[in-house]
Amino acid sequence: MSNKDNPKPFVRESTGLVKSVSALDVLAFTLLAAGPLVLIPLGVLTLPSVYQGSSLPVVLGLSLPILLALAFNTIALSSAIPRAGGDYIFGSRVVHPVWGVIPSFMALFSFVVGIGTLAVLNLQAFLGPAILTSYPSTAPTVVSLIYTSKIDLFLISSLILIFVFALAAVGNRAWFWMIRVLSLIALVGVVVLTFYLFSTPGPLLISNFNSQLATGFNSTEVLANATAYGWQPSATASPLTTAGAMIFVFFFLAAPISAYFAGEIKNTLRSMTAGVMGGTAVAWLIAAIGLGAFFLAFGYKFLSAYGFDALVNPATAPSGAFSVNALVLAAVSSPSVAFFI
């Protein structure tokens, strides 16, 4: 509304929200939410073993257009309805309020229940093995703090969660700056690892793996141990294994979660287009290069047997020794650089 005395249009300021999330924030958040940096270490073990025979170029090639379509759908919805709330807002407005409640409740439930377990998972599945592989002398302390003592694990996990929630309580700026820093550190780690994988000859990688014996097995024993428990050196791909591998990749690289911040994103259409579409494409590229570097460096056959020992073999899978950290250490040699990665 306007009048002669006050020609300035009336602006209703009822929400109190300040649009402070930029395109760079959306890009950084999409990269971390998409999870290429988690897909690489898990995919190196899973794709050649659980989905043995599936072609990595085919799986990644077929996944890309689906990922971009999902990204476009997220951009279109969040731009047409620029409200914070994501699936709840979209489902309620487009279909029916019940359809908005269902995915929103699922997301809320998984966040509330899952966020505590993620701290424990990262400590036991990623940080613990990385320290043990790079610095074996610290094994008694690490095992006690992270694996044996439930009280110590609870306290460390609680401190991590308090730190993350404290940043969120301070405001969006502090939290998204943490996302930017983590994204940059992670990208540097991937670049460094990829350089080592592409520049180190395959025979030298295997030689390093054999001399370090981080898993307790040399390369020949890895193959023999997997074969003794049913692993086959070759398997023919099927549509089912290819589809399963695509779902595995899609689970990590699909990142529509940025739409939940739509109400706080500056220039929603432009920021979401640059952040989500660009972040999805970059995440896919990082995953493709990282996985490809491992497959070219160590060979599909070896990684298939190694992944079998890590995930399927009842004799070795429970030990956790066959993690990607031993492969990183074989490529990098320096324990400190391997730990950073």
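Model, not experiment: these values are computed from the prediction.

### Focus: the packing of aromatic side chains
Move 1: By the definition in use, this model includes 13 aromatic pairs.
Move 2: Geometrically, the ring pair formed by phenylalanine 209 and tyrosine 306 is edge-to-face, given 6.0 Å between the ring centres and 75° between the ring planes. Residue phenylalanine 209 is found in helix α9 (residues 202-212), and its partner tyrosine 306 is found in helix α13 (residues 300-311); the two are separated by 97 residues along the sequence. Each member of the pair phenylalanine 209 and tyrosine 306 is classed as buried.
Move 3: Members of the aromatic cluster, joined through ring pairs, are Phe209, Phe217, Phe294, Phe298, Phe302, Tyr306 and Phe322.
Move 4: Lying over the aromatic face of tryptophan 177, arginine 180 brings its terminal NZ or CZ to 4.5 Å of the ring centre.

### Topic: the nonpolar core
Move 1: Counting residues in hydrophobic clusters, the biggest one holds 55 residues, and the most contacted among them are Leu47, Phe294, Phe298, Tyr306 and Leu327.
Move 2: Examining the composition of this core, we find that 11 residues originate from one element, helix α12 (residues 268-298), more than from any other.
Move 3: Beyond its immediate sequence surroundings of up to four residues, phenylalanine 298 is in contact with Leu197, Leu205, Ile206, Leu303, Leu327 and Ala330.
Move 4: Counting residues in each nonpolar core, the second largest holds 19 residues, with Phe90, Trp175, Ile179 and Ile265 among its members.

### Observations regarding the packing of helix α3 (residues 56-80) against α12
Angle between the axes and distance between the axes: these two values describe a pair of packed helices.
Move 1: Close contact between α3 and α12 brings their axes to 9 Å; oriented N to C, the two are set at 165°. Classed by the angle they form, the pair α3 and α12 counts as roughly antiparallel. As α3 runs across α12, the sense of the crossing is right-handed. Where α3 abuts α12, its residues Leu56, Leu60, Leu64, Leu67, Leu68, Ala71, Phe72, Thr74, Ile75, Ser78 and Ser79 lie against Thr268, Leu269, Met272, Thr273, Val276, Met277, Thr280, Trp284, Ala288, Leu291, Gly292 and Phe295.

### Some words on the packing of helix α5 (residues 97-134) against helix α14 (residues 324-332)
Move 1: Look at α5 against α14: their axes get within 9 Å of each other, and the N-to-C directions meet at 40°. When the axes of α5 and α14 are compared, the pair comes out oblique. Judged by the twist between their axes, the crossing of α5 over α14 is right-handed. Of the residues in α14, those in contact with Phe126, Pro129, Ala130 and Thr133 of α5 are Asn325, Ala326 and Leu329.
Move 2: Residues belonging to the contact of α5 with α14 are distributed by class as follows: 5 nonpolar, 2 polar and no charged.

### Here's the deal with α9
Count 3.6 residues to each turn of an α-helix, and residues three or four apart come out pointing the same way.
Move 1: Those residues of α9 that sit buried are Leu205, Asn208 and Phe209. Relative to the axis of α9, the buried residues are bounded by an arc of 100° and lie together on one face. The exposed set on the far side of α9, more than 90 degrees from its buried face, consists of Pro203 and Ser211.
Move 2: At its buried positions, α9 is contacted by α10 (219-228), α12, α13 and α14.
Move 3: Downstream of α9 by one or two residues, leucine 213 has phi in the positive range, about 50°.

### Description of the environment of proline 82
Move 1: Within the fold, proline 82 resides in the loop between α3 and α4 (87-94).
Move 2: On the basis of relative accessible area, proline 82 is assigned to the partly exposed category, the value being 36%.
Move 3: Each C-alpha atom, one on proline 82 and one on glycine 263, is 5.2 Å from the other, the two residues being 181 residues apart in sequence.

### With respect to the side chain of threonine 194
Move 1: On the secondary structure map, threonine 194 appears in helix α8 (residues 172-199).
Move 2: The class of threonine 194 is buried, set by a relative accessible area of 12%.
Move 3: Looking at threonine 194, its side chain comes within polar contact range of the main-chain oxygen of valine 190, at 2.7 Å.
Move 4: Beyond its immediate stretch of four places on either side in the chain, threonine 194 contacts Ile289 and Ala293.

Rules behind the numbers
Residues numbered from 1 in each chain as written. Predicted model: local features only at pLDDT ≥ 70, side-chain atom pairs only at ≥ 80, totals over all residues. Heavy atoms only, no water. Phe/Tyr/Trp six-rings, centres within 6.5 Å; stacked < 30°, edge-to-face > 60°. Helix = DSSP H or I, 4+ residues; strand = E, 2+ residues; numbered from the N terminus. Buried < 20%, exposed > 50% of the residue type's maximum accessible area, 1.4 Å probe, protein only. Lys NZ or Arg CZ within 6 Å of the ring centre and 35° of its normal. Core = buried A, V, L, I, M, F, W, Y, C linked by side-chain atoms within 4.5 Å. Contact = heavy atoms within 4.5 Å. Axes fitted to C-alpha atoms, helices over the stretch in contact; angles between N-to-C directions. Parallel < 35°, antiparallel > 145°, perpendicular 65-115°, else oblique. Left-handed = near helix turned anticlockwise from the far one by under 90°. Nonpolar A, V, L, I, M, F, W, Y, C, P; charged D, E, K, R; others polar. Arc of directions from axis to C-beta. Polar contact = N/O pair within 3.5 Å; in protein donor to acceptor, adjacent residues only side chain to side chain.

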